Amino acid sequence: MSALLEATLAHLRALVGFDTRNPPRVIDTGGIFDYLRAQLPGFDVTVTDHGAGAVSLHAVRGAPKYLFNVHLDTVPDSPAWTADPHALRVTSDRAIGLGACDIKGAAAALVAVANASDGDMALLFSTDEEANDPRCIAGFLRAFPPLPVGEGRGEGGANGMTPAVPSPPTPLPKGEGSYQAVIIAEPTKGEAVLAHRGIQSVLMRFAGHAGHASGEQKASDSALHQAVRWGDAALDFVDAQSHERFGGLTGLRFNIGRIEGGIKANMIAPSAELRFGMRPLPTMQPDGLLDSFRALAEPAPAHFEETFRGPSLPAGDTARAEERRLRARDLADELGIPVGNAVDFWTEAALFSAAGYTAFVYGPGDIAQAHSADEWVALDQLQQYAETIYRIVDRGNA
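Read on for an overview of the structure.

## Things to note about the overall build of the protein
Phase 1 of the analysis: Broken down by element type, the protein carries nine helices and 17 strands.
Phase 2 of the analysis: Against the globule reference of 21 Å for 398 residues, the protein gives a C-alpha radius of gyration of 23 Å, in line with a compact fold.
Phase 3 of the analysis: Seen through its principal axes, the protein has C-alpha atoms that stretch 80 × 50 × 35 Å.
Phase 4 of the analysis: Within the protein, the proportion of its 398 residues that are buried is 51%.

## Observations regarding the sheet that holds strand 3 (residues 66-71)
Phase 1 of the analysis: The six strands lie next to each other as 1-2-6-3-7-16, forming an open sheet whose pairing is mixed. A single partner strand is all that each edge strand has here, and the edge strands are strand 1 (44-51) and strand 16 (358-361). The sheet shows a mean angle of 15° between the axes of neighbouring strands, taken without regard to direction.
Phase 2 of the analysis: Here four bridges tie strand 7 (residues 181-184) to strand 16, and the two strands are oriented parallel to one another. Bridging across to strand 16, Val 182 finds its partner in Ala 359.
Phase 3 of the analysis: Taken strand by strand, helix 4 (residues 135-143) contacts strand 1, strand 2 (54-61), strand 3 and strand 6 (121-126), and its axis lies near 45° from that of strand 2.

## Focus on the pairing of strand 8 (residues 199-207)
Phase 1 of the analysis: Among the nine residues in strand 8, seven count as buried, and that is most of the element.
Phase 2 of the analysis: Pairing between strand 8 and strand 15 (residues 303-310): seven bridges, direction antiparallel. Opposite Gln 200, over in strand 15, you have Arg 309 as the bridge partner.
Phase 3 of the analysis: Relative to strand 14 (residues 271-279), strand 8 is paired through eight bridges, and the arrangement is antiparallel. Note that in strand 14 the partner of Ser 201 across the bridge is Gly 277.

## Regarding the packing of helix 3 (residues 100-116) against helix 9 (residues 379-394)
Phase 1 of the analysis: Packing of helix 3 against helix 9 brings their axes to within 9 Å, and their N-to-C directions diverge by 40°. By the angle class used here, helix 3 and helix 9 are oblique. Of the two possible hands of crossing, helix 3 and helix 9 adopt the one that is right-handed. Side by side, helix 3 and helix 9 meet where Gly 105, Ala 106, Ala 109, Leu 110, Val 113 and Ala 116 of the first sit next to Leu 382, Tyr 385, Ala 386, Ile 389, Tyr 390 and Val 393 of the second.
Phase 2 of the analysis: By residue class, the composition of the contact of helix 3 with helix 9 is 11 nonpolar, one polar and no charged.

## Considerations on the sheet that holds strand 5 (residues 94-96)
Phase 1 of the analysis: The antiparallel open sheet is built from three strands, whose spatial order is 4-5-17. Since the sheet does not close on itself, it has two edges, and those belong to strand 4 (89-90) and strand 17 (376-378), each with one partner.
Phase 2 of the analysis: Two elements, strand 4 and strand 5, share two bridges in a ladder whose sense is antiparallel. From the neighbouring strand, Arg 89 faces strand 5, where its bridge partner is Ile 96.

## Considerations on the packing of helix 5 (residues 223-239) against helix 6 (residues 286-294)
Phase 1 of the analysis: Where helix 5 contacts helix 6, the axes come no closer than 10 Å and their chain directions differ by 140°. Classified by the interaxial angle, the pair formed by helix 5 and helix 6 is oblique. Across from Trp 230, Ala 234, Phe 237 and Val 238 in helix 5, the residues of helix 6 making contact are Leu 289, Ser 292 and Phe 293.
Phase 2 of the analysis: By residue class, the composition of the contact of helix 5 with helix 6 is six nonpolar, one polar and no charged.

## A few points about the environment of Tyr 35
Phase 1 of the analysis: Within the fold, Tyr 35 resides in helix 2 (residues 32-38).
Phase 2 of the analysis: Tyr 35 gets classed as buried once you look at its relative accessible area, which sits at 19%.
Phase 3 of the analysis: Considering only alpha carbons, one finds Tyr 35 and Gly 215, 180 residues apart in sequence, at a separation of 67 Å.
Phase 4 of the analysis: Setting aside anything within four residues of it in sequence, one finds Tyr 35 in contact with Ala 10, His 11, Ala 14, Leu 15 and Phe 18.

## Re the packing of aromatic side chains
Phase 1 of the analysis: For the structure on display, the rule yields 14 aromatic pairs.
Phase 2 of the analysis: An angle of 45° between the planes, with centres 5.2 Å apart, marks the rings of Phe 276 and Phe 293 as tilted. Linking Phe 276 in strand 14 with Phe 293 in helix 6, this pair joins segments that are 17 residues apart in sequence. An identical accessibility class is assigned to Phe 276 and Phe 293; each is buried.
Phase 3 of the analysis: Relative to Tyr 357, the ring of Phe 352 lies with its centre 6.2 Å away and its plane at 75°, an arrangement referred to as edge-to-face.
Phase 4 of the analysis: Residue Phe 352 is classed as buried on the basis of its relative accessible area, which comes to 0%.
Phase 5 of the analysis: One aromatic cluster is present, built from ring pairs that chain together Trp 230, Phe 237, Phe 254, Phe 276, Phe 293 and Phe 304.
Phase 6 of the analysis: Positioned above the aromatic ring of Trp 376, the side-chain terminus of Arg 94 is 3.7 Å from the ring centre.

Reading the values: the criteria
- Residues numbered from 1 in each chain as written.
- Predicted model: local features only at pLDDT ≥ 70, side-chain atom pairs only at ≥ 80, totals over all residues.
- Heavy atoms only, no water.
- Helix = DSSP H or I, 4+ residues; strand = E, 2+ residues; numbered from the N terminus.
- Rg over C-alpha atoms; globule rule 2.2 N^0.38 Å.
- Buried < 20%, exposed > 50% of the residue type's maximum accessible area, 1.4 Å probe, protein only.
- Pairing = 2+ DSSP bridges.
- Axes fitted to C-alpha atoms, helices over the stretch in contact; angles between N-to-C directions.
- Contact = heavy atoms within 4.5 Å.
- Parallel < 35°, antiparallel > 145°, perpendicular 65-115°, else oblique.
- Left-handed = near helix turned anticlockwise from the far one by under 90°.
- Nonpolar A, V, L, I, M, F, W, Y, C, P; charged D, E, K, R; others polar.
- Phe/Tyr/Trp six-rings, centres within 6.5 Å; stacked < 30°, edge-to-face > 60°.
- Lys NZ or Arg CZ within 6 Å of the ring centre and 35° of its normal.

This is the structure we're talking about:
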């Protein structure tokens, strides 16, 4: 076992020991953040409480070109765990613990690299990725918007686009400014992921008329019948998108997660509620999809509300998305990180991309282990990730 892996596991044992389950969203600026502050001597550290358990730590040493981002919150543990989820177990080939794969393993490696090297480095830790309420990244982007080429660290990080807010004056004070690119840690099996689907969640309500179920019914009488008819039309609509493609991804992912309503079998349902989620390709327009789903059946739903939206990676229309994907690929090649396939799951890399940053996803672990009982990360992937980040930072490429 290399010294860098040993240090990574020591930090991972500490990080897993902190309860950062989300929900219940009771994370504050102490605990795990006290630990991180103590492990980052020589860094300018800013800790921000965004409320509702969303806390971020931005640490900068020198004048780095790239920002490494990783979330520290985890999903709740399930009853199927065979041991204490907050006590790290290390076997001959894996580290087991809540968040070890998603994604405290990467966080531990970043801290280990920060101590093993004195190179320029920037880190952003956050605690709200699992909450569908991205306050930490939104707050960071307000404070550090991408800058035009020629400003900020390196050559700028806005893909040549003018930012929505004025850039800060140059020269920039130490620890301030923007970055050329952001590398977001999620379980990608040690490969750079350049593209993934967006995500949208929707709440619908249907209104009918209560009555005895023995009589003949019109299409609008039962709210549950409306919901079922809508669901049938929605599945047909999704099937019709199967020919759409982007970066190795195909079609529209769609799921009706819940239908609730009615009173009993012999009563016409006066109300019903349906929740669905979809994961569009980068080339699919979110607003257009919402309009299509809203208009699928008659009568129209009594209520139609998008409850969460995460853009795809890369963000933008077809031409801009492809341009951003190619920029990210060039950066991964430059840093010596192997490029993998696009993935179906969503990450906060899309938020950085939508703001104008070049961004890709790169981390140890397999998404198949994330959110599972006895969650684990392979030691060889953990070591490979730590060594790659060390090489980038130590050679002055970060």
